[in-house]
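Read off the chains here:
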Amino acid sequence: MQQANLVNLPENYHIRLWIYHIVTWPQLSYVVEDSKGRIIGYVLAKIEEESEDKTADIHGHINSISVLRGYRRLGLAKKLMLLSQEAMASVYKAQYVSLHVRETNKAAIGLYRDTLGFEVADVEKGYYADGEDAYMMRLNLESGP
Ligand code: ACO
């Protein structure tokens, strides 16, 4: 997963963070392998509990998702996102899922907004190390009363 992340994105993380997520929320992160067992895509996710809020606002957060270039546009990222979202709702009763995305990342915004139904909840100025703004996007996971 870390190798795919290094190839696909400028936002990279120490191996301890990968292991922490997988040990703490093992139901939320997934990989796609090719026929030889090589990882060609992943989603890394977590649960955030905002304890100051009395309504116990539990929500999932997508830290990172990517698919290797030769395997894009096959529906793999959509499948990874749906697996993680379903586990957030069923295992942790998460009310919504959030993520940050570069405002110029057309492919990822297309995936989140057009395919999965996320909406932009906020713009975080200078969120990324190079100064680019992030869209904070959210999707409600509750199916209603
Ligand atoms: N342009 C416009 N829309 C796109 C594109 C694109 N290049 N790629 C995907 N989409 C949208 C489309 O709506 C697509 O549905 P369609 O093919 O029926 O039109 C939908 O997303 C689903 O596409 P998938 O095939 O599931 O997506 P894919 O497996 O290609 O992965 C991803 C998409 C993860 C964004 C990939 O392009 C990638 O790895 N990019 C580099 C890494 C990256 O930007 N990751 C996201 C960073 S933000 C974060 O990690 C929280």
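Here we summarise the structure given alongside this text. Nothing here was measured: the structure is a model prediction, and the numbers come from that model.

**Structural notes on the overall build of the protein**
Argument step 1. Helix and strand content of the protein: four helices and six strands.
Argument step 2. The N-to-C order of helical and strand elements in the protein reads α-α-β-β-β-α-β-α-β-β.
Argument step 3. For a compact globule of 145 residues, the expected C-alpha radius of gyration is about 15 Å, and the protein comes in at 15 Å, within 12% of that figure.
Argument step 4. Taken along the three principal axes of its C-alpha coordinates, the protein extends 45 × 35 × 30 Å.
Argument step 5. Within the span of the protein, comprising 145 residues, buried residues form 39% of the whole.
Argument step 6. Here the protein displays about 8800 Å² of accessible surface, and carbon together with sulfur accounts for 52% of that area.
Argument step 7. Distance from the positive charge centre (16 side chains) to the negative charge centre (19 side chains) of the protein: 9 Å.

**Thoughts on the pairing of strand E1 (residues 30-33)**
Argument step 1. In terms of strand pairing, E1 meets strand E2 (residues 39-50) through four bridges, oriented antiparallel. Among the inter-strand pairings, Glu-33 is bridged to a residue of E2, identified as Ile-39.
Argument step 2. The hairpin formed by E1 and E2 contains five residues between the paired strands, and Gly-37 there has a positive phi angle of roughly 85 degrees.

**Considering the sheet that holds strand E4 (residues 96-102)**
Argument step 1. The six strands lie next to each other as E1-E2-E3-E4-E6-E5, forming an open sheet whose pairing is mixed. With one partner strand each, in any of the chains shown, E1 and strand E5 (119-124) form the two edges of the open sheet. Strand-to-strand twist across the sheet, computed as the mean angle between neighbouring axes with direction ignored, equals 25 degrees.
Argument step 2. Sheet strands in contact with helix H2 (residues 15-24) are E2 and strand E3 (57-67), and its direction is about 70 degrees off that of E2.
Argument step 3. Of the strands in this sheet, E1, E2, E3, E4 and strand E6 (134-140) touch helix H3 (residues 76-92), which is tilted by about 160 degrees from E3.

**As for the nonpolar core**
Argument step 1. Membership of the largest hydrophobic core comes to 29 residues, with the highest contact counts inside it found for Ile-62, Ile-65, Met-81, Met-88, Leu-99, Tyr-112 and Phe-118.
Argument step 2. Taken together, the elements giving at least two residues each to this core come down to E2, E3, H3, E4, helix H4 (106-115) and E6.
Argument step 3. Counting residues per element, this core draws most heavily on H3, which supplies six residues.

**Here's the deal with the environment of Gly-41**
Argument step 1. Summarising the element assignment, Gly-41 is placed in strand E2.
Argument step 2. Residues in contact with Gly-41, not counting those within four places in the same chain, are Tyr-30, Val-31, Val-32, Ser-66, Val-67 and Leu-80.

**A short note on the environment of Gly-126**
Argument step 1. Its location among the elements puts Gly-126 in the loop between E5 and E6.
Argument step 2. Along the chain, Gly-126 and Arg-102 lie 24 residues apart, while their C-alpha atoms are 10.0 Å from each other.
Argument step 3. With residues near it in sequence (within four places) discarded, Gly-126 still touches Gly-131, Glu-132 and Asp-133.

**Topic: H4**
Argument step 1. All of the buried residues in H4 are Ala-108, Ile-109, Gly-110, Leu-111 and Tyr-112.
Argument step 2. One or two positions beyond H4, positive phi appears at Gly-117, with a value near 90 degrees.

**Brief notes about the site of the ligand**
Argument step 1. Around the ligand there are 23 residues in total, and Ile-65, Val-67, Arg-73, Gly-75 and Asn-105 lie nearest to it.
Argument step 2. Contacts to the ligand include Ile-65, whose backbone N or O atom sits 2.8 Å from a nitrogen atom.
Argument step 3. Coverage of the ligand by the protein chains reaches 77% of its 980 Å² of free accessible surface.
Argument step 4. Of all the secondary structure elements, the ones that give two or more residues to the shell around the ligand are E3, H3 and H4.

What counts and what doesn't
- Residues numbered from 1 in each chain as written.
- Predicted model: local features only at pLDDT ≥ 70, side-chain atom pairs only at ≥ 80, totals over all residues.
- Heavy atoms only, no water.
- Helix = DSSP H or I, 4+ residues; strand = E, 2+ residues; numbered from the N terminus.
- Rg over C-alpha atoms; globule rule 2.2 N^0.38 Å.
- Buried < 20%, exposed > 50% of the residue type's maximum accessible area, 1.4 Å probe, protein only.
- Areas by Shrake-Rupley, 256 points an atom, 1.4 Å probe, with all protein chains shown as cover.
- Lys, Arg positive; Asp, Glu negative; His and termini not counted.
- Charge placed at Lys NZ, Arg CZ, Asp CG, Glu CD.
- Pairing = 2+ DSSP bridges.
- Axes fitted to C-alpha atoms, helices over the stretch in contact; angles between N-to-C directions.
- Contact = heavy atoms within 4.5 Å.
- Core = buried A, V, L, I, M, F, W, Y, C linked by side-chain atoms within 4.5 Å.
- Near = heavy atom within 4 Å.
- Polar contact = N/O pair within 3.5 Å; in protein donor to acceptor, adjacent residues only side chain to side chain.

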